[in-house]
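Chain by chain, the residues:
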Amino acid sequence: MVGLIRLKKLYPYGTENHPGLSCKDIRDKSTEEHLSDGVYSWLRHEESPTSTSFPVYCDMTSGGWTLVMKVVSYADQGTINFYDVLHSSWSFQEYNMEALSITNQYKGHYKNRVYLDGDWEYFNASQARVSLYESGNVVKELVFDATDSKHSDWFQKSRLKSSPWNDIRSEPQNYFSVPGYCSGSVCRFFYINRNFGDCHGDFGWLMYTDIQHCIFELGQRVFTVQYSKFQKKAKFEDYDASHTSWGVTFENQSTNGEWSMEERKQPIDWLELKTVLLELQSFLSSACGGNVIKVFCDNSTAVASEKSGSDSADVKGYFIVGEWNEILCVKTVKNISTGKELNTSHGTKEHVEYQVGIADVLAVFLK
């Protein structure tokens, strides 16, 4: 007994020399009252007590969730693509401590042995969780019933227990799966999609894309985790002004449209400024009661264009400054013609946001 007590003091439960069975097991058996989130070590499964232990990231704050897979936006494609990570019978970056986090600081995907055929069943989880992170903070989260599940069938609508989108149960989906939609070895993974519409009419809730087909997955949006930022499905192209359409959302109110053939011939900075104008026309009365002194646009080209006196879009009466899409409202507007900074201590800020965001990380946890 004395030797056992000494062992526990030297090697706390959940460390390499005294591994547990899961993050929840470590949390439940720990002598410490509060365990922090971070890297712990545990056995492969209870039926094989001599198997090699390996490190895992644990979300202890939420009750002992074990990270088993991580998809990273803008992952280094020179290492390995996610198609190979998902379908391989091997783990990836399992012992890489830089990968064991909820950030995208390490530019590579991650999968440990629990996400392998057979090992998933040994883990015997009751719940699975998909968490989207930006700057280390959760922005969206889905929870699934993982009872008697396999690594190939846990992510489906019939197992969904909770969702941040209130229309996902009532709306039909043409895809709701981890493998998603593929063209060869390039896919939209973790794909929850409502319908196709020749790209500019595609509506859905979530995906990690490496296809590079539609405009919303080209350029700076390829190899990204994309999600609807609000409480319902989104038009994937409504992330900004594009050469075919525009779309914005304000306090769960959405509006969008397509450019005319003549408008599509205009440069992107013209379309950005026109989108600002359409935002103001759509939401100005409810957002600010008609008093606008600043519009923060999210496109630096549009900002420069307006500052240089360009009349590429009719936004007279508004000052375009900054690089964020934000309307600053004040109750009393004075000296607006002089362009001087006004006292905004009595003002309010209202945000007009695009419908589709990019998460740094999509993480899969089990408990």
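Thresholds applied
- Residues numbered from 1 in each chain as written.
- Predicted model: local features only at pLDDT ≥ 70, side-chain atom pairs only at ≥ 80, totals over all residues.
- Heavy atoms only, no water.
- Helix = DSSP H or I, 4+ residues; strand = E, 2+ residues; numbered from the N terminus.
- Buried < 20%, exposed > 50% of the residue type's maximum accessible area, 1.4 Å probe, protein only.
- Areas by Shrake-Rupley, 256 points an atom, 1.4 Å probe, with all protein chains shown as cover.
- Phe/Tyr/Trp six-rings, centres within 6.5 Å; stacked < 30°, edge-to-face > 60°.
- Lys NZ or Arg CZ within 6 Å of the ring centre and 35° of its normal.
- pLDDT = per-residue confidence, 0-100.
- Contact = heavy atoms within 4.5 Å.
- Salt bridge = Lys/Arg side-chain N within 4 Å of Asp/Glu carboxyl O.
- Core = buried A, V, L, I, M, F, W, Y, C linked by side-chain atoms within 4.5 Å.
- Pairing = 2+ DSSP bridges.

Attention now goes to the overall build of the protein. Per the secondary structure count, the protein includes 6 helices and 21 strands. Evaluated residue by residue, the protein yields a buried proportion of 50% over its 367 residues. Element-wise, carbon and sulfur atoms account for 48% of the exposed surface of the protein, whose accessible area totals about 17,600 Å².

A few words on the packing of aromatic side chains. What the rule picks out here adds up to 17 aromatic pairs. Feature note: the residues Phe82, Tyr115, Trp120, Phe144, Trp154, Phe155, Phe176, Phe189, Phe190 and Tyr208 constitute an aromatic cluster, connected by ring pairs. Across the ring face of Trp65, the terminal group of Arg129 is positioned such that the distance to the ring centre comes to 4.9 Å.

Here we take up the confidence of the model for the protein. In this model, the protein carries an average pLDDT of 76, and 66% of its residues clear a pLDDT of 70 or more. Confidence drops under pLDDT 50 across residues 1-9; counting only partners more than four residues distant or on other chains, this segment forms 1 contact. With pLDDT under 50 throughout, residues 296-352 is counted as low confidence; its partners more than four residues away or in other chains account for 119 contacts.

If the charged atoms of two oppositely charged side chains come close together, the side chains can form a pair. Using the criterion set out here, one finds 9 salt bridges in the structure. A salt bridge links Lys24 to Asp28, with the nearest nitrogen and oxygen atoms 2.8 Å apart. Separated by 4 residues within a single helix, Lys24 and Asp28 lie in helix α2 (residues 23-29), roughly one turn from each other. Put simply, Glu171 and Lys233 hold a salt bridge, and the shortest N to O gap is 2.9 Å. Highlighted residues: Glu171 in the loop between β7 (160-162) and β8 (175-177) and Lys233 in the loop between β12 (224-228) and β13 (234-235), separated in sequence by 62 residues.

The next point concerns the side chain of Ser53. Along the chain, the position of Ser53 falls in the loop between β1 (38-42) and β2 (54-59). Given a relative accessible area of 15%, Ser53 falls into the buried group. Leaving out residues up to four positions away in the same chain, Ser53 has contacts with Glu16, Pro19, Ser41, Trp42 and Tyr95.

Glancing now at the nonpolar core. Counting 49 residues, the largest nonpolar core has Trp154, Phe155, Phe190 and Leu206 as the members making the most contacts within it. For this core, the element with the most residues is strand β10 (residues 186-195), which contributes 4 residues. Not counting chain neighbours up to four residues away, the residues in contact with Leu206 comprise Leu132, Phe155, Trp165, Phe190, Tyr191, Ile192, Val225, Gln226, Tyr227, Phe236 and Leu362. Tyr57, Ala99, Ile102 and Val361 belong to the second-largest nonpolar core, a separate cluster that totals 14 residues.

Within the fold, Trp259 resides in the loop between β15 (253-258) and α5 (268-288). Looking at Trp259, the relative accessible area reads 4%, which means it is buried.

Here we come to unusual backbone geometry. Its identity as a non-glycine residue notwithstanding, Gln93 has a phi of 55°, on the positive side. Among the secondary structure elements, Gln93 is positioned in the loop between α3 (82-87) and β4 (110-111). Classification of Gln93 by relative accessible area gives partly exposed; the value is 30%. Positive phi is not limited to glycine here, since Asn124 has a value of about 60°. Here Asn124 is to be found in the loop between α4 (119-123) and β5 (127-134).

A regular strand carries its side chains on alternate faces of the sheet. Taken across its 6 residues, β2 has 6 buried, putting it largely inside the fold. Residues Phe54, Val56 and Cys58 point to one face of β2 and Pro55, Tyr57 and Asp59 to the other, with burial holding for every one of them. Judged from the 2 bridges that link them, β2 and strand β3 (residues 65-72) form a sheet pairing that is antiparallel. Across the sheet, Cys58 pairs through a bridge with Thr66, a residue of β3. Linkage of β2 to β3, two consecutive antiparallel strands, is achieved through a turn of 5 residues, within which Gly63 is found at a positive phi near 120°.

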